[in-house]
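# Working through the structure, step by step
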Amino acid sequence: TLFPYTTLFRSQVRELLGKPKFDNEVAERTAVPGVATGLAVTGTGGDVLFVEAANAAGDGKLTLTGQLGDVMKESAQIALSYIRAHAAELGIDSEAARESFHVHVPAGAVPKDGPSAGLAMTTAMVSLLTGRPMRSTVAMTGEVTLRGLALPIGGVKQKVLAAHRMGLTEV
């Protein structure tokens, strides 16, 4: 029992507070190629979002789902254009980069918009095309340009707090 002016030692924290509330949802969801962990700012603070990518033979079209706003849709188009233009540098077969893609941001009932998912969208598609899953400890945020630059973002405090809540260690 703790009383006023009692010293609390680091070794007691876990015993008194219990196990952390987050499960390893991020590790489970990012264990396969084609999924990236992004960060967003919502009306209630920061949030972690997952960007999922799938591809199939087709006419090269891009399908976007998850109730994405216009700016977020543009971010996905920019990501795909960058990947197609730089496929060789990224270690991607140029024919595979010309396939049709579907990018989905789950929680489809929740509207999403803004440019800072561009980095996660790019990473999800590159992960899919290279067959390399993303590290489960990493979350990302940033607008991507056609030249592949990651631009500055807003809401850093809210996004970092959201990452911390989910047990992510790198942003």
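See the structure printed just above.
Residues numbered from 1 in each chain as written. Predicted model: local features only at pLDDT ≥ 70, side-chain atom pairs only at ≥ 80, totals over all residues. Heavy atoms only, no water.

## Brief notes about the environment of V41
Residue position: V41 is located in strand β1 (residues 35-42). Separated by 73 residues in sequence, V41 and G114 have C-alpha atoms that sit 9.4 Å apart. Excluding residues that lie within four positions of it along the chain, V41 makes contacts with G46, G154, G155, Q158 and K159. (Helix = DSSP H or I, 4+ residues; strand = E, 2+ residues; numbered from the N terminus. Contact = heavy atoms within 4.5 Å.)

## Brief notes about the pairing of strand β2 (residues 45-56)
Pairing analysis gives eight bridges linking β1 to β2, with the strands arranged antiparallel. Residue pairing for β2: A36 is matched across the bridge by V51. Between β1 and β2, which pair antiparallel and follow one another directly, the connecting turn spans two residues. (Pairing = 2+ DSSP bridges.)

## With respect to the sheet that holds strand β3 (residues 62-65)
The strand order across the open sheet formed by four strands is β1-β2-β4-β3, and the pairing between neighbours is mixed. Among the strands making up the open sheet, the edge pair consists of β1 and β3. For this sheet the average axis-to-axis angle between neighbouring strands, irrespective of direction, equals 25°. Against the sheet, helix α3 (residues 70-85) contacts β3 and β4 (100-104), and its axis sits at roughly 145° relative to β3. (Axes fitted to C-alpha atoms, helices over the stretch in contact; angles between N-to-C directions.)

## Observations concerning helix α6 (residues 156-165)
When we look at burial in α6, the residues that qualify are K159, A162 and A163. Along the axis of α6, the buried residues cluster in a sector spanning 100°; they form a single face. In this structure, α6 carries K157 and H164 as exposed residues pointing more than 90 degrees from its buried face. Buried residues along α6 sit against β1 and β2. Positive phi appears at G167, one or two residues downstream of α6, with a value of about 85°. (Buried < 20%, exposed > 50% of the residue type's maximum accessible area, 1.4 Å probe, protein only. Arc of directions from axis to C-beta.)

## Section: the pattern of salt bridges
In this structure the tally under the stated criterion is three salt bridges. Measuring nitrogen to oxygen at the nearest pair gives 2.7 Å for the salt bridge that ties R135 to E170. Here E170 lies in the segment after α6 and R135 lies in the loop between α5 (118-130) and β5 (143-144), a separation of 35 residues in the sequence. With a relative accessible area of 34%, E170 lands in the partly exposed category. (Salt bridge = Lys/Arg side-chain N within 4 Å of Asp/Glu carboxyl O.)

## Focus: the side chain of K112
The residue K112 is located in the loop between β4 and α5 in this model. Summary of buried charges: K112 has no salt-bridge partner, and the nearest side chain of opposite charge, D47, is 8.6 Å away. There is a polar contact of 2.6 Å between the side chain of K112 and the backbone oxygen of G66. Among the polar contacts made by the side chain of K112, one reaches the main-chain carbonyl oxygen of V110 at a distance of 2.6 Å. If sequence neighbours within four positions are ignored, K112 has contacts with G66, Q67, L68, G69, M72, V105, P106 and A107. (Lys, Arg positive; Asp, Glu negative; His and termini not counted. Polar contact = N/O pair within 3.5 Å; in protein donor to acceptor, adjacent residues only side chain to side chain.)

## Structural notes on the packing of α3 against α5
Between α3 and α5, whose axes approach to 8 Å, the crossing angle comes to 40°. With respect to α5, the element α3 is oriented oblique. α3 and α5 meet at a crossing whose hand is right-handed. For the pair α3 and α5, the contacting residues are M72, S75, A76, A79, L80, Y82 and I83 in the first and G118, M121, T122, M125, V126 and L129 in the second. (Parallel < 35°, antiparallel > 145°, perpendicular 65-115°, else oblique. Left-handed = near helix turned anticlockwise from the far one by under 90°.)

## Here's the deal with the environment of G69
Position of G69 among the secondary structure elements: in the loop between β3 and α3. Overall, G69 belongs to the buried group, its relative accessible area being 16%. Residues G69 and P111, 42 residues apart in the sequence, show an inter-C-alpha distance of 7.1 Å.

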